[in-house]
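# Results of the structural survey
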Amino acid sequence: MKAPFGTATRADVWFTASLALIGILATLTDAVSRLREVLPNRDVPVDVDLQTSTQPIAISGVGDAIPVEIDRVTVSVSDLSPTSYGAVIASIVVPAVSIIVVLVCLTWLLRNIGAGEFFSRTNTRLVTGAALTAVLGWLLTTVATTGAANGALATLTTADDPGFEISMNISFLALFAAMVAGCIASVFHTGERMQRDSEGLV
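Summary of the structure given here.

What counts and how
- Along every chain, residues carry numbers that run from 1 in the direction the sequence is written.
- The predicted nature of this model means local features are confined to residues of pLDDT at least 70 and side-chain atom pairs, given and counted, to a pLDDT of 80 or more, with totals for whole chains, interfaces and linings taken over all residues.
- Hydrogen atoms and water are omitted, and side-chain values are computed over all heavy atoms in the structure.
- Secondary structure counts use DSSP, requiring at least four H or I residues in a row for a helix and at least two E residues in a row for a strand, with both numbered from the N terminus.
- To sort residues, take the accessible area from a 1.4 Å probe on protein chains only and compare it with the maximum for the residue type: under 20% means buried, over 50% means exposed, and anything in between is partly exposed.
- The accessible surface values rely on the Shrake-Rupley method and a 1.4 Å probe; as for residues, cover is taken only from the protein chains in view.
- The axes are straight lines fitted to the C-alpha atoms, using for helices just the contacting stretch, and the angles between their N-to-C directions are given from 0 to 180°.
- Angles are sorted into four bins: roughly parallel if under 35 degrees, roughly antiparallel if over 145, roughly perpendicular if 65 to 115, and oblique for all others.
- Should the near helix be turned anticlockwise from the far one by less than a right angle, the crossing is left-handed, and should it be turned clockwise, the crossing is right-handed.
- Each residue gets one label: Ala, Val, Leu, Ile, Met, Phe, Trp, Tyr, Cys and Pro are nonpolar, Asp, Glu, Lys and Arg are charged, and the others, such as Gly, are polar.
- Multiplying 1.5 Å by the helix residue count minus one yields the expected span of that helix.
- Note that bend, as reported per residue, equals the angle between axes fitted to the 7 residues terminating at that residue and the 7 residues originating from it.
- Any carboxyl oxygen of Asp or Glu within 4 Å of a side-chain nitrogen of Lys or Arg constitutes a salt bridge here.

## Concerning the overall build of the protein
When helices and strands are counted, the protein shows 4 helices and 2 strands. Secondary structure elements in the protein, listed N-terminal to C-terminal, are α-β-β-α-α-α. For the protein, the proportion of its 202 residues judged to be buried stands at 33%. When the accessible area of the protein is evaluated, it comes to approximately 12600 Å², of which 66% is carbon and sulfur surface.

As structure tokens, this is what we get:
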């Protein structure tokens, strides 16, 4: 379905596409920076979620240590096992690739909309692809971050330690974004079907 677009609206589309490009470059830069930090497998920073506990922490400029609730820490681990090492790398690469794919799909979608193409099979596939990528990226990232955290704890655990509680790193932000994208994909699919039906009546 084609429709004319005003100059201001086209400018908005290109502005949004520029923001998406900036987002892609920022994601790549961050991923490369983190990979350079991780690849030597020395002092690898790994986020670990913990059962919430209260610990005295000294805060610069505050004075004496004060009790704070801690539910996440970053540990530095060296010589990770191949499985844990792969999980750390995957926890960086997977979300970066997912974000880039989603941004590319949405930028392509905006390009089509800027050209006056709204409900089409291509646009429906782009939105659906973005939603599926977000869901798959969320699942794989959850598995990778959880594996990295528990691998780091296993590396730090000695034979005399009683063991550690399993760390589960879950972020629902990506899942929420995937749900929103899925709703939008449903709207596009419905619009595409209604357009085909209406064209068949003409």
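What follows continues from the structure just given.
## Description of the packing of helix α2 (residues 82–114) against helix α3 (residues 121–156)
For the pair α2 and α3, interaxial distance at closest approach is 8 Å and the crossing angle is 165 degrees. As judged from the angle between their axes, α2 and α3 are roughly antiparallel. Remark: the crossing between α2 and α3 carries left-handed chirality. In terms of residue class, the contact of α2 with α3 is built from 18 nonpolar, 12 polar and no charged.

## A closer look at α2
For α2, which comprises 33 residues, the first-to-last C-alpha distance of 47 Å matches the rise-based estimate of 48 Å (1.5 Å per residue) to within 8%. The largest bend along α2 measures about 30 degrees and falls at A90. Positive phi appears at G116, one or two residues downstream of α2, with a value of about 90 degrees.

## Some thoughts on the pattern of salt bridges
Counted by the stated rule, this structure contains 2 salt bridges. Residues D79 and R42 are paired through a salt bridge, measuring 3.2 Å at the closest nitrogen-oxygen approach. Pair noted here: D79 is in the loop between β2 (66–77) and α2 and R42 is in the loop between α1 (7–38) and β1 (44–57), with a separation of 37 residues, a long-range link. Since its relative accessible area comes to 48%, R42 is described here as partly exposed.

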